[in-house]
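Each chain, letter by letter, is given below.
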Amino acid sequence: MREPWVVGVSGASGTPYAKAVLIGLLDAGESVDLVVSRAARLTLLDETGATVRDAHWKDDVAAWLGRDLGDLAYWPAGDLAAGPSSGSYPAKGMAVVPASTAACAGIAIGLSKDLLQRAAEVNLKERRRTVVVPRETPVTRSHLEHLIALHDAGAVVLPASPGFYGAGAGASAQQLIDFVAGKVLDGLGVPHTLFARWRGELNAQRKPFGGP
């Protein structure tokens with residue numbers, strides 16, 4: 001039985017994180033169900049020039065990711081009868097990346113205003129792995145309260161805060177994106193090689209494995 005990871009892309013800035021997570025899942029041979037909110041389409045267009053149209057999603061998503069889609073399915077954000085809207089639909093878990101303040105609030109209070117929010121609520125209630133990646137900064141008290149509510153509901157709250165120990169202060173934008181994406185995959189329990197892990201020695205992660 002197909003058992004995908006659900007990936008929800010909301011309207012916050014940070015669509016390159018979503019791309020890196022999707023590619024990481026597909027590279028790992030995982031099945032993916034993709035949900036892109038209406039606001040995320042605008043952000044994606046602004047940040048990358050890419051479009052995601054419901055009627056042409058295969059071509060659009062393949063062009064955005066720059067690769068074949070593997071076992072990736074797409075659900076329109078307005079389709080509240082879609083598979084991921086039900087707890088009986090088989091899924092391994094979900095990542096919301098990036099997660100806007102509105103998406104975090106909606107998921108935290110169970111608003112289910114669109115498929116992204118509903119799917120996240122379903123994965124929480126079914127006690128599946130759920131990773132939420134807020135990017136906005138600074139944050140208000142209400143935002144923090146919503147993140148605490150998500151944590152208490154069982155989600156991994158994983159801010160898009162890259163570390164520099166993997167590639168050093170001269171890290172490229174892609175290396176910083178991959179660090180966050182790798183942490184998301186860690187939260188889902190999916191193997192990857194997106195960043196060099198800490199090895200207990202200063203600068204060791206920037207040396208070739210097996211080297212002096």
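Residues numbered from 1 in each chain as written. Predicted model: local features only at pLDDT ≥ 70, side-chain atom pairs only at ≥ 80, totals over all residues. Heavy atoms only, no water.

(A) How the structure looks around the overall build of the protein. Within the protein one finds 7 helices and 6 strands. Across the protein, helices and strands are ordered from the amino to the carboxyl terminus as β-α-β-α-α-β-β-α-α-β-α-β-α. Expected size for 212 residues packed as a compact globule is a radius of gyration near 17 Å; at 17 Å, the protein falls within 12% of this value. Projected onto its principal axes, the C-alpha positions of the protein cover 55 × 40 × 35 Å. When contacts within the protein are restricted to residue pairs at least 6 apart in sequence, long-range pairs at least 24 apart make up 72% of them. For the protein, the computed accessible surface area is about 10,100 Å², with 54% contributed by carbon and sulfur atoms. Within the protein, the 21 negative side-chain charges are centred at a point lying 4 Å from the centre of the 21 positive side-chain charges. (Helix = DSSP H or I, 4+ residues; strand = E, 2+ residues; numbered from the N terminus. Rg over C-alpha atoms; globule rule 2.2 N^0.38 Å. Contact = heavy atoms within 4.5 Å. Areas by Shrake-Rupley, 256 points an atom, 1.4 Å probe, with all protein chains shown as cover. Lys, Arg positive; Asp, Glu negative; His and termini not counted. Charge placed at Lys NZ, Arg CZ, Asp CG, Glu CD.)

(B) Representation of the nonpolar core in the model. Within the largest apolar cluster, 37 residues are counted, with the highest numbers of intra-cluster contacts made by Leu25, Leu34 and Leu72. Not counting residues up to four positions away in its chain, the partners in contact with Leu72 are Arg2, Leu22, Leu26, Val32, Leu34, Trp57, Val61 and Leu65. Ile107, Ala119, Leu124 and Ala155 belong to the second largest nonpolar core, which has 20 residues in total. (Core = buried A, V, L, I, M, F, W, Y, C linked by side-chain atoms within 4.5 Å. Buried < 20%, exposed > 50% of the residue type's maximum accessible area, 1.4 Å probe, protein only.)

(C) Focus on the packing of helix H4 (residues 101–109) against helix H6 (residues 141–152). Where H4 meets H6, the axes come as close as 9 Å, and the angle between the chain directions of the two elements is 50°. Classified by the interaxial angle, the pair formed by H4 and H6 is oblique. As for the relative orientation of H4 and H6, their crossing is left-handed in sense. Contacts between H4 and H6 involve Thr101, Cys104, Ala105, Ile107, Ala108 and Ile109 on the former and, on the latter, His143, His146, Leu147, Ala149 and Leu150. Each residue belonging to the contact of H4 with H6 can be placed in one class, and the counts come to 8 nonpolar, 3 polar and no charged. (Axes fitted to C-alpha atoms, helices over the stretch in contact; angles between N-to-C directions. Parallel < 35°, antiparallel > 145°, perpendicular 65-115°, else oblique. Left-handed = near helix turned anticlockwise from the far one by under 90°. Nonpolar A, V, L, I, M, F, W, Y, C, P; charged D, E, K, R; others polar.)

(D) Spotlight on the packing of helix H1 (residues 15–27) against helix H7 (residues 173–188). Two elements in contact, H1 and H7, have axes whose closest approach is 9 Å; the angle formed by their N-to-C orientations is 55°. Classified by the interaxial angle, the pair formed by H1 and H7 is oblique. In this structure, H1 meets H7 at a crossing whose hand is right-handed. Of H7, the residues touching H1 (which contributes Pro16, Tyr17, Ala20, Val21, Gly24 and Leu25) are Leu176, Ile177, Asp178, Val180, Ala181, Val184, Leu185 and Leu188. Grouping the constituent residues of the contact of H1 with H7 by class yields 12 nonpolar, 1 polar and 1 charged.

(E) Local environment of the pairing of strand E1 (residues 5–9). Most of E1 sits inside the fold, with 5 of its 5 residues counted as buried. The two faces of E1 match: Trp5, Val7 and Val9 on one face and Val6 and Gly8 on the other face are all buried. For E1 and strand E2 (residues 32–36), the ladder comprises 5 bridges, and the chain directions are parallel. Each bridged residue has a counterpart across the sheet, and for Gly8 the counterpart in E2 is Val35. In this fold, the crossover linking E1 to E2 by way of H1 has right-handed handedness. When E1 meets strand E4 (residues 93–99), the two strands line up parallel, connected through 4 bridges. Along E4, the bridge assignment pairs Val7 with Ala95. (Pairing = 2+ DSSP bridges. Right-handed = clockwise from strand over helix to strand, strands pointing away.)

(F) Inspection of the sheet that holds strand E3 (residues 72–74) at higher detail. Strands sit in the order E3-E2-E1-E4-E5-E6 across an open sheet of 6 strands; the sheet is parallel. Lying at the two open borders of the sheet, with one neighbouring strand each, are E3 and strand E6 (156–157). One ladder, built from 5 bridges, connects E4 with strand E5 (residues 129–134); its direction is parallel. The residue of E5 that forms the bridge with Ala95 is Val131.

(G) Inspection of H1 at higher detail. Taking 1.5 Å per residue as the helical rise, H1 with its 13 residues ought to reach 18 Å, and the 18 Å between its terminal C-alpha atoms agrees with that figure. Among the residues making up H1, those that are buried are Thr15, Tyr17, Ala18, Ala20, Val21, Leu22, Gly24, Leu25 and Leu26. Looking one or two residues beyond H1, the residue adopting positive phi is Gly29, at roughly 80°. (Expected span 1.5 Å × (residues − 1).)

(H) Broad picture of the environment of Gly87. Of note, Gly87 is situated in the loop between E3 and E4. Taking relative accessible area as the criterion, Gly87 reaches 17% and is therefore assigned buried. The spacing of Gly87 and Leu124 is 37 residues in sequence and 9.7 Å in space, taken between C-alpha atoms. What Gly87 contacts, discounting residues up to four positions off in sequence, is Val122, Lys125, Glu126 and Arg128.

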